[in-house]
Amino acid sequence: MNKKYYLPLFAATLFATGTFAAPELPPGDPYGVCTHVDAWDFKLAPQMFTQMKELSLKQVRTDFSWRAVNPKPGEWNFSRHDAVVDLAEKKGISLLPILTYDVAWASPAHRHLDAWGEYVRKTVSRYQRKLRAWEIFNEPNIGGFWNDTPSGKDYAKLLKRSYEEIKKIDPGLTVVYGGVNGVPLPYIEESFQAEAGKWFDVMAVHPYSSKPEDMLETIAALKALMKKYGIDKPIYATEIGWSTMELQKSFAPLLSEALKQVGVDPAETPLVITDVSTETLARAEWQLPRFKERITIGLDELKNLDPARYPVLIPCIGERFEMKYFPDLVQYVRKGGTLLLMFGLPFYYDLQPDGKGGLREVKIENSAWPELHIGWEAFWTNKDVPFKEKTQKAAPGFTQCGEISFMPMGRFLHDRNLKPGDQFIPIIEATADRYHSAAAALYKLNSDLKGNVIVCPTMKFNRGVSEEKLSELVSRTFLNAKEAGIDKLFFYQYRAIEENRHEPEDHFGIVHHDLQPKKAFYAWKLLSQLLPPQSKEFQLEQQTASLFHASWRRPDGKKIHAVWSAGEPVTARISGSSAPESILRHWGPKVQPAADQRYRIDGGPLFFCDVETLSIVPDSGDIQ
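Topic: the sheet that holds strand β30 (residues 614-619)
The strand order β28-β26-β30 describes an open sheet built from three strands, whose pairing is antiparallel. Two strands close off the open sheet at either side, each with one partner strand: β28 (598-601) and β30. Across the sheet, the mean angle separating the axes of adjacent strands is 35 degrees when strand polarity is ignored.

A look at the sheet that holds strand β27 (residues 582-584)
Through backbone hydrogen bonds, the strands of a sheet pair up, either in parallel or in antiparallel fashion. Taken in spatial order, the five strands of this open sheet run β23-β24-β25-β29-β27, and their pairing is antiparallel. If you trace the sheet from one side to the other, it starts and ends with β23 (536-542) and β27, each paired once. In this sheet, neighbouring strand axes are inclined to one another by 15 degrees on average, regardless of whether the strands run parallel or antiparallel. Lying over the sheet, helix α13 (residues 467-484) contacts β23, β24 (547-553) and β25 (559-565), oriented at roughly 105 degrees with respect to β23. In the packing of helix α14 (residues 519-530) onto the sheet, contacts are made with β24, β25, β27 and β29 (606-609), and the angle to β29 comes to roughly 30 degrees.

Describing the environment of E213
Note on placement: E213 falls in the loop between β7 (203-206) and α9 (215-228). Spatially, the C-alpha atom of E213 lies 9.8 Å from that of L473, the residues being 260 residues apart in sequence. Of the polar contacts made by the side chain of E213, one reaches the side chain of W564; its length is 2.8 Å.

So, the confidence of the model for the protein chain
On average, the protein chain scores 91 in pLDDT, and the residues at 70 or more come to 93%. Scored below 50 in pLDDT, residues 1-22 shows 49 contacts in the model against residues more than four places distant or in partner chains.

Overview of the packing of aromatic side chains
Inspection of the entire model under this criterion finds 38 aromatic pairs. Judged by centre distance (6.2 Å) and plane angle (5 degrees), the rings of W76 and F78 are stacked. Pairing F78 with Y127 gives two aromatic rings, centres 6.1 Å apart and planes at 70 degrees, and the pair type is edge-to-face. With F78 in the loop between α3 (66-69) and α4 (79-91) and Y127 in helix α5 (residues 113-127), this pair connects stretches of sequence that are 49 residues apart. For the pair formed by F78 and Y127, the shared burial category is buried. Through a chain of ring-to-ring contacts, the aromatic side chains of W66, Y101, W116, Y119, F137, F145, W146, Y155, Y177, F192, F200 and Y229 assemble into a single cluster. The lysine or arginine in question, K233, covers the ring of F200, its NZ or CZ lying 4.7 Å from the ring centre. Geometry around W587 places K519 over its ring, the cationic atom sitting 3.9 Å from the centre.

Quick word on the pairing of strand β19 (residues 423-432)
In the sheet, strand β17 (residues 391-394) pairs with β19 via four bridges, with the strands oriented antiparallel. Within β19, the position partnered with Q392 by the bridge is A430. The pairing of β19 with strand β20 (residues 435-444) spans nine bridges and is classified as antiparallel. Paired with I428 across the bridge in β20 is A440. The antiparallel hairpin formed by β19 and β20 contains two residues in its connecting segment, where D433 sits at a positive phi of about 55 degrees.

Overview of α9
Spacing of three or four residues puts side chains on the same side of an α-helix, whose turn is 3.6 residues. Between its first and last C-alpha atoms α9 spans 19 Å; for 14 residues at 1.5 Å apiece the expected length is 20 Å, and the two agree. For α9, the full list of buried residues reads M215, I219, L222, L225 and M226. Down the axis, α9 shows its buried residues gathered within 115 degrees of arc, on one side only. Exposed and facing more than 90 degrees away from the buried side of α9 are E217, K227 and K228. Immediately beyond the C-terminal end of α9, within one or two residues, lies G230, with a positive phi of roughly 70 degrees.

Describing the side chain of T238
With respect to the helices and strands, the residue T238 is situated in the loop between β8 (235-237) and α10 (252-261). What makes T238 buried here is its relative accessible area of 0%. Here H206 takes part through its side chain, which lies 2.8 Å from a polar atom of the side chain of T238. In this view, T238 contacts C34, R61, L96, E135, G179, A204, V205, H206 and F490; residues no more than four positions away in its chain are not counted.

Analysis parameters
Residues numbered from 1 in each chain as written. Predicted model: local features only at pLDDT ≥ 70, side-chain atom pairs only at ≥ 80, totals over all residues. Heavy atoms only, no water. Pairing = 2+ DSSP bridges. Helix = DSSP H or I, 4+ residues; strand = E, 2+ residues; numbered from the N terminus. Axes fitted to C-alpha atoms, helices over the stretch in contact; angles between N-to-C directions. Contact = heavy atoms within 4.5 Å. Polar contact = N/O pair within 3.5 Å; in protein donor to acceptor, adjacent residues only side chain to side chain. pLDDT = per-residue confidence, 0-100. Phe/Tyr/Trp six-rings, centres within 6.5 Å; stacked < 30°, edge-to-face > 60°. Buried < 20%, exposed > 50% of the residue type's maximum accessible area, 1.4 Å probe, protein only. Lys NZ or Arg CZ within 6 Å of the ring centre and 35° of its normal. Expected span 1.5 Å × (residues − 1). Arc of directions from axis to C-beta.

Following this line, the structure appears as structure tokens:
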């Protein structure tokens, strides 16, 4: 996360300090959490660190960003981080700091390695005795954080310089590869090809997914890639989590009405979509109307697409497109086709050959939009445009579609590229003080272009999960991570700031903004008791497509079993070699033993405690 904040003058005296020994990252302890105690969590850090003891939580990942400690050229201010480090030492918390981002006069960081090296030296040398592991950048494969086209090769250069600086200070310090968003194997391999494997001690990824069980496959693939390059090193998941934001209203009613206004009934119309990943499509399709059928084509087939037979096309999902095919889109609209453009600003990046058989992003911003008679603006393209809108509402003609979610993006649509005969029809109106614009719009064209373009940049993938669902996912995340061979996992994140009810980022967390626990807090507490560090004999078995069974032996010798479904709830006959000491729901309540041994198994693990073996037989019957 990359937000601006300011260092208070009282930072150095906010926390009481002590002479306690700050532990290194505890070996064998998988439980970690992300916070922003360097930023918006700063004032609450004493209470947070105290509360974490209830979870036996001792490992916290947080930014030590360049711009925070070096606000002006030649000016260094470590007062806030001094306070955080002293507090962590006093509370027995081990920090995993992230050296990350850039400064205005040295951006992007990888093009200013001497300045970056100075930042690394000053920061690491200051805290080397207390902070023994350092993560090098946060999600460098994300352009908004990297401030350049992401490149594994360029990251390897920055990682090498960081490693060399850190090891000069103390060869015993641990260097952690910058946690990449997801598990992007092509990016990681590009860095390995540039010898990144020499310049870190621990690999790190952020294996975000719809369900934790996906880690079993993605981490196996990562391990295979590491083995290919002779890299045998521990793996951390330095971020993974889910937002409990208020469930976003689907755009489907708005899109249905927009299509109706151009004479298209989705229920009677096929939808054509270019070849995108199954995961991306699955995350997007809940926002779409229900079409008669969905047809997938390759980009090279666009030139032959007949809008009379296939009147609606989604050419891309998100902001990237191979612009060599853009003329085919223009021709499609010229002949009467309708484009659906969603999830950010389509055509913001051109995907061009990288010379290695892959594609690289090249930022082209809004240069292609006028060819479709559409347009957008943002604060970085027009100084009179606000950073974000303050209100959104359905525009006239769309109010009958029901309530909309407020999803501010700061990307606004305009009509300045229209030609005579074209119409600009707002779908969602956006305002900020005296600024009025549209956050989604229908471009109904009747000039040299005879089709339509529906643009919804404010639409987001993340729908959020319920607090109940998050409590289920917390337990399963650590269980699957252990099976996958992840040594440490830092859950994202501890406290949800909850400023905007529809902003996903504001609702990641296992406690609320006031530190009141969500149910996930109690699920974590129970799991940390049932699966403490140094537990052994861990096994995870997939009984069916969705039914999972994990077992392990605690340090006190007791055998624990966990059973859950990664899909729809199922029933199963479960019997043990002896009567279990207790049966517990995933957040703590006891379950009475079933006389017929039939149990309902859902997304929250059901724990069977102190029983050596467990027999699990899926049962198609229903529990009343």
